Amino acid sequence: MTDVMPAGERRQLAPPTVETGVFGWMRKNLFSSWGNGITTIVLIVVVAWILSNFLHWALFTATFDAKSGAECRGHGACWALIREKYRYIFFGSFPYEQHWRPLFAVIAMLAMLILSSDRRMWNKRLIAIWGIGSFITFLLMFGEISISISLILFMALAVGGLGMILRGSIAPPAELNGWRALAGIGAVGLVLRMVGVLPAWGLAIAPFSYVETGLWGGIPVTMILATYGLLFAFPFGILLALGRRSNLPLIKGLCVGFIELIRGVPLISLLIMASVMLPLFLPSGMNIDKFLRAQVAVILFAGAYIAEIIRGGLQSLPKGQFEAADAVGLNYVQKTTLIILPQALRVVIPPLINTFIGFFKDTSLVLIIGIFDFLNTANQALVDPNWAGFPGEVYLFAAFVYFCFCYSMSRYSKYLEIELNKGTRR
Amino acid sequence: MRSFVLAAAVGVAAALAAGNAFAGKDLDAIKARGALICGVPTGIAGFAAADSQGKWVGLDIDVCRAVSTAIFGESEKVKYVPLTSQQRFTALQSGEVDLLSNNTTVTLQRDTALGLDFTAITYYDGQGFLVPRKLGVKSAKELDGATICVAPGTTTELNLADYFRANKMTFKPVVIEKAEEIRAAFYAGRCDVYTTDVSSLAATRAANVPPPAKPEDFIILPEIISKEPLGPMVRHGDNQFADIIRWTQFAMLEAEEYGITSGNVDEMVKSENPTIKRILGVTPGMGKALGVDDRWVYNIIKQVGNYGESYDRHVGPHSLLKIDRGVNRLWTQGGLQYAPPIR
């Protein structure tokens, strides 16, 4: 390209001022024809009318400070209701003077989520972040945590066993012996515990007073149900997706059956099953915590959906990847964890976050089994006869909080989509 | 022959007695746990609702608190489990809760087929009518030709039709599913009358009246057209626990009848009236017979109050619901609340 002008051609002039700047933009985008111009004006009038009415109600005639709902009547929005009830809406029936505990638990969970959204943390650090974050969260919520010796031994066995499978034949013998030793200690310890040689000892950490799950409520419940629902559903979904592609007919059949069964029923019916039917099948006197039952129902439900998303990722991989992994001599577990999953998961992260957003909102269905999540505590604020009769304010407030969470997740998903596709973009 | 029959009868009686285990397993479990687990509704104004600090309050809650006081001498040893109406019976059957204080209407089916037992009736509810005062109606008998807002597919709708047919009147139903929407329709004037249970009518009137109208501009008509007796429930199998709940309610009624309130109970202990002495445990024996502390009634009245106090506080004149005491008055004042004597 050169700047030499062909002979006889006039010098280029700047475009007329009516076509640049604000006016130019408006003319091009808002008033390009008579029809568009009229549409623009009508829409501006409608939006302005709605907005002015809304602001009149929500701001100019609103009551921000009142002793009871009676003082609010006859005016605009009653934000005094939110002011009176916000602690209940956020934290439910958690002991009032200890509300700092769920507050810090929520902060810990948010910190955990924000830290793990940074791609630089996507390695072993992630395990540390979630381990410490979850420990802090549940310690604050429960007030005390007792880690029994059986659990410690079981963890040793599980970690050792996993290490042996994952690193088998590709790790130096010293490391492999370490995994074997860990698994061995776990297995022997568990056997000894069952026989009764080891005492029923537990590591009790109890810095605060115990608060049972029945008293939990509000935003921590919504966050725990959604976050841990997805956290546990994720590996479960991976296993289901792999099982569905398995060559073994029994495993394949089980996985397909499970996925189709769960996807074929609404979450509400699963929750009702977990809360109403399950206790009838259990021997009398045996009770599984209501919150845990709901959590498990959410995990099963989310697992089936995640499995289908991950199957999409698995199917997008070219066959050569599988064959190459086989040719190198990796076993099934190594092939899957080292070659297949990293590529498949990269593809499906945006739809996974989409599922997460959906589940964050779906958790509000637990209100039908009497668990007080954020939406349900907002509902409850309306029952108090002192303050009843202002559903608009409460639901607007709840919608605002949900929007803050979901919008930030959706922005993050957008960012990830760009970030992860850097390699494939031209 | 006669002696054989007698022996057999004694044997059967002994077997039954052993089967009915007097020292109940539920009560033992509650004592071992150190807390009563009470199934409550998930939010009904005046009966069970969480206040701004997340504390449960209401008439149903006071039942749990009173039973806790009878067993432990303290009203706060209760864990509340909010249950929806679908969950509540299975939660009790499966042992998730010890006691259901859940605005449950006593019916034959529930008392028998579900394997549950009602103890006492804590509140007599019933279907009534809410009308604007400016309508000038004083009785439901004057509602011929009225437009009536009602929820579909409930006994409420059937009761309404039956009542109007029995009184040879006609009405125009406006059928709306959701309570919030019915209330809005009623206040917007889409119907003259709103019918549902009186306690719910009172909550509607207290909370949802749009300005500039006032709650006093609406009245609940005196006619009650259905019976909805509400009471706490327990599982079959622990009669002693059921007895404690039943007599806790009776004690609160007896206390009101004899003028014992949370304010004057300490003076009443010095009373010379033998009945009051028996009730408050000054003359021992009653608590022991029930298997609780002899000062159980004293503790209940001191910490929870008598029935009238509880009623006034949550649904009566001291609350916003302002439900007329009506049939829930003591029998001495022409109501239905009648407690057998504590003796």
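**A short note on the state of the cysteines**
Residues and elements named next belong to chain A.
Here comes step 1: Inspection of every chain in the model, using the stated rule, returns three disulfides over all chains.
Here comes step 2: Through a disulfide, Cys72 is tied to Cys78; the S-S separation comes to 2.0 Å. Between Cys72 and Cys78 the sulfur-sulfur dihedral comes to about 60°; the bridge is accordingly right-handed. This pair shows no difference in class: Cys72 is buried, exactly as Cys78 is.
Here comes step 3: If one numbers only the bonded cysteines of chain B, in the order they occur, the disulfide pattern is 1-2, 3-4.
Here comes step 4: The thiol of Cys404 is not disulfide-bonded; the next cysteine sulfur, from Cys406, is found 9.5 Å away.

**A few points about the domain arrangement of chain B**
Residue and element names in this part refer to chain B.
Here comes step 1: Here chain B is described as being made up of domain 1 (10–124 + 230–333) and domain 2 (127–226).
Here comes step 2: Of note, the centres of domain 1 and domain 2, computed from C-alpha atoms alone, are 32 Å apart.
Here comes step 3: The partner domain 2 presents six residues to the seven residues of domain 1 that form the contact.
Here comes step 4: Taken together, both faces of the contact between domain 1 and domain 2 bury some 450 Å²; the carbon and sulfur share is 69%.
Here comes step 5: Area buried by domain 1 at its contact with domain 2 is led by Leu320, Leu321 and Ile323, which between them contribute 63% of it.
Here comes step 6: Seen at the junction of domain 1 and domain 2, the total is zero salt bridges.
Here comes step 7: Counting the contacts that link domain 1 with domain 2 gives one residue pair in polar contact (both at pLDDT 80 or more).

**Looking at the domain arrangement of chain A**
Here comes step 1: By the assigned domains, chain A splits into domain 1 (17–60) and domain 2 (225–426).
Here comes step 2: Taking only C-alpha atoms into account, the centre of domain 1 of chain A sits 42 Å from that of domain 2 of chain A.

**Observations regarding helix 2 (residues 25–33) of chain B**
Side chains three or four residues apart in an α-helix point the same way, a direct result of the helix having 3.6 residues per turn.
All names here are of chain B.
Here comes step 1: Those residues of helix 2 that sit buried are Asp26, Leu27 and Ile30. With its buried residues spanning 100° around the axis, helix 2 presents them on a single face. In helix 2, the exposed residues that point more than 90 degrees away from the buried face are Lys25 and Ala32.
Here comes step 2: Against strand 1 (36–41), helix 3 (59–72), strand 14 (233–235) and helix 9 (239–257) lie the buried residues of helix 2.
Here comes step 3: With its phi angle positive at about 80°, Gly34 sits one or two positions after the end of helix 2.

**A word on the pattern of salt bridges**
Here comes step 1: Counted under the stated rule, the structure contains 23 salt bridges over all chains.
Here comes step 2: Between B:Arg65 and B:Asp62 there is a salt bridge, with its nearest N and O atoms 3.0 Å apart. Pair noted here: B:Arg65 and B:Asp62 are both in helix 3, with a separation of three residues, about one helical turn.
Here comes step 3: Taken together, the salt bridges that share partners define one network made up of A:Arg244, A:Glu260, A:Arg263, A:Glu308 and A:Arg311.

**A word on the interface of chain A and chain B**
Here comes step 1: Facing the 29 residues of chain A at the interface are 31 residues of chain B.
Here comes step 2: Note on chain A versus chain B: buried area summed over both sides is about 2,500 Å², and carbon and sulfur give 54% of it.
Here comes step 3: If you sort the residues of chain A by the area they bury against chain B, A:Tyr96, A:Val383 and A:Pro385 come out on top, with a joint share of 18%.
Here comes step 4: There are two salt bridges connecting chain A and chain B.
Here comes step 5: Salt-bridge contacts for A:Arg293 lead to B:Glu96; the nearest nitrogen and oxygen are separated by 3.3 Å.
Here comes step 6: On the surface where chain A and chain B come into contact, there are 10 residue pairs in polar contact (both at pLDDT 80 or more).
Here comes step 7: Breaking the side of chain A that touches chain B down by element, the ones donating at least two residues are helix 4 (79–91), helix 11 (267–281) and helix 12 (290–315) of chain A.
Here comes step 8: No other element matches helix 11 of chain A, which puts four residues into the side of chain A that touches chain B.
Here comes step 9: Residues that form the side of chain A that touches chain B fall into these classes: 13 nonpolar, nine polar and seven charged.

**Description of the nonpolar core**
Here comes step 1: Grouped together as the largest cluster of nonpolar side chains are 89 residues, with contacts concentrated most on A:Trp216, A:Ile219, A:Ile224, A:Ile310, A:Leu314, A:Phe360 and A:Phe374.
Here comes step 2: Setting aside chain neighbours within four positions, we find A:Phe374 in contact with A:Ile89, A:Phe90, A:Gly218, A:Ile219, A:Thr222, A:Phe397, A:Ala398, A:Val401 and A:Tyr402.
Here comes step 3: Listed in part, the 64 residues of the second largest apolar core include B:Leu59, B:Val78, B:Met252 and B:Leu253.

**A word on the side chain of B:Asp62**
All names here are of chain B.
Here comes step 1: Judged by its relative accessible area of 3%, Asp62 falls in the buried class.
Here comes step 2: Here Arg65 takes part through its side chain, which lies 3.0 Å from a polar atom of the side chain of Asp62.
Here comes step 3: Engagement of the side chain of Asp62 in a polar contact is seen with the side chain of Ser310, the distance being 2.7 Å.
Here comes step 4: Every residue in contact with Asp62, bar those within four places of it in the chain, is listed here: Val304, Ser310, Arg313 and His314.

**Focus on the confidence of the model for chain A**
Here comes step 1: Per-residue confidence for chain A averages 86 on the pLDDT scale, and 96% of its residues sit at or above 70.
Here comes step 2: Per-element averaging of pLDDT across chain A places helix 3 (residues 69–72) of chain A at the bottom with 78 and helix 10 (residues 249–263) of chain A at the top with 93.

**Description of the sheet that holds strand 10 (residues 171–175) of chain B**
By way of backbone hydrogen bonds, the strands of a sheet pair with one another, either parallel or antiparallel.
Residues and elements named next belong to chain B.
Here comes step 1: Taken together, five strands build an open sheet; the order of strands is 10-9-11-8-12 and the sheet is mixed. Two strands in the sheet have a free side with no partner beyond their single neighbour: strand 10 and strand 12 (218–220). Neighbouring strand axes in the sheet, compared pairwise and without regard to direction, differ in orientation by 30° on average.
Here comes step 2: Relative to strand 11 (residues 193–197), strand 9 (residues 146–150) runs parallel, the two being bridged by two bridges. Looking across to strand 11, one finds that Ile148 is bridged to Val193.
Here comes step 3: The sheet contacts of helix 6 (residues 155–166) involve strand 8 (127–132), strand 9, strand 10 and strand 11, and relative to strand 8 the element is tilted by about 80°.

**A closer look at the packing of helix 9 of chain B against helix 13 (residues 296–303) of chain B**
Each pair of packed helices gets described by two things: the angle between the helix axes and the distance between those axes.
Residue and element names in this part refer to chain B.
Here comes step 1: Two numbers describe how helix 9 lies on helix 13: the axes approach to 10 Å, and their chain directions differ by 70°. Between helix 9 and helix 13, the crossing angle belongs to the class labelled roughly perpendicular. Considering only the axes of helix 9 and helix 13, their crossing is right-handed. Contacts from Trp247, Thr248, Ala251, Met252 and Ala255 in helix 9 reach Trp296, Val297, Ile300 and Ile301 in helix 13.
Here comes step 2: Tallied by class, the residues present in the contact of helix 9 with helix 13 amount to eight nonpolar, one polar and no charged.

**Comments concerning the packing of helix 7 (residues 149–167) of chain A against helix 8 (residues 173–195) of chain A**
Residue and element names in this part refer to chain A.
Here comes step 1: Running from amino to carboxyl end, helix 7 crosses helix 8 at an angle of 145°, the nearest separation of the two axes being 7 Å. The crossing of helix 7 and helix 8 is left-handed. Residues Ile149, Ser150, Leu153, Phe154, Ala156, Leu157, Val159, Gly160, Gly161, Gly163, Met164 and Arg167 of helix 7 touch helix 8, and the partners they reach there are Glu175, Leu176, Trp179, Arg180, Leu182, Ala183, Ile185, Gly186, Ala187, Gly189, Leu190 and Arg193.
Here comes step 2: Class assignment of the residues belonging to the contact of helix 7 with helix 8 gives a composition of 14 nonpolar, six polar and four charged.

**Things to note about helix 3 of chain B**
All names here are of chain B.
Here comes step 1: Between its first and last C-alpha, helix 3 extends 20 Å over 14 residues, near the 20 Å set by a 1.5 Å rise per residue.
Here comes step 2: With 13 of 14 residues buried, helix 3 lies mostly within the body of the structure.
Here comes step 3: Remark: Gly73 follows helix 3 within two positions and exhibits a positive phi of approximately 80°.

**Focus on the confidence of the model for chain B**
Residue and element names in this part refer to chain B.
Here comes step 1: Across chain B, the average pLDDT comes to 87, with 93% of residues at or above 70.
Here comes step 2: Counted against residues more than four places away or in other chains, residues 1–22, with its pLDDT under 50, gives two contacts.
Here comes step 3: Our summary of model confidence lists the complex with pTM equal to 0.82 and ipTM equal to 0.78.

**Points about the environment of A:Phe360**
Here comes step 1: Looking at the secondary structure, you find A:Phe360 in helix 14 (residues 332–362).
Here comes step 2: Once you skip the residues sitting within four places of it in the chain, A:Phe360 turns out to touch A:Thr222, A:Met223, A:Ala226, A:Tyr402, A:Phe405, A:Cys406 and A:Met409.

Analysis parameters
Residues numbered from 1 in each chain as written. Chains lettered and ligands numbered in written order. Predicted model: local features only at pLDDT ≥ 70, side-chain atom pairs only at ≥ 80, totals over all residues. Heavy atoms only, no water. Disulfide = S-S within 2.5 Å. Buried < 20%, exposed > 50% of the residue type's maximum accessible area, 1.4 Å probe, protein only. Domains from an automatic or database assignment. Contact = heavy atoms within 4.5 Å. Buried area = accessible area lost by both parts, 1.4 Å probe. Salt bridge = Lys/Arg side-chain N within 4 Å of Asp/Glu carboxyl O. Polar contact = N/O pair within 3.5 Å; in protein donor to acceptor, adjacent residues only side chain to side chain. Helix = DSSP H or I, 4+ residues; strand = E, 2+ residues; numbered from the N terminus. Arc of directions from axis to C-beta. Nonpolar A, V, L, I, M, F, W, Y, C, P; charged D, E, K, R; others polar. Core = buried A, V, L, I, M, F, W, Y, C linked by side-chain atoms within 4.5 Å. pLDDT = per-residue confidence, 0-100. Pairing = 2+ DSSP bridges. Axes fitted to C-alpha atoms, helices over the stretch in contact; angles between N-to-C directions. Parallel < 35°, antiparallel > 145°, perpendicular 65-115°, else oblique. Left-handed = near helix turned anticlockwise from the far one by under 90°. Expected span 1.5 Å × (residues − 1).

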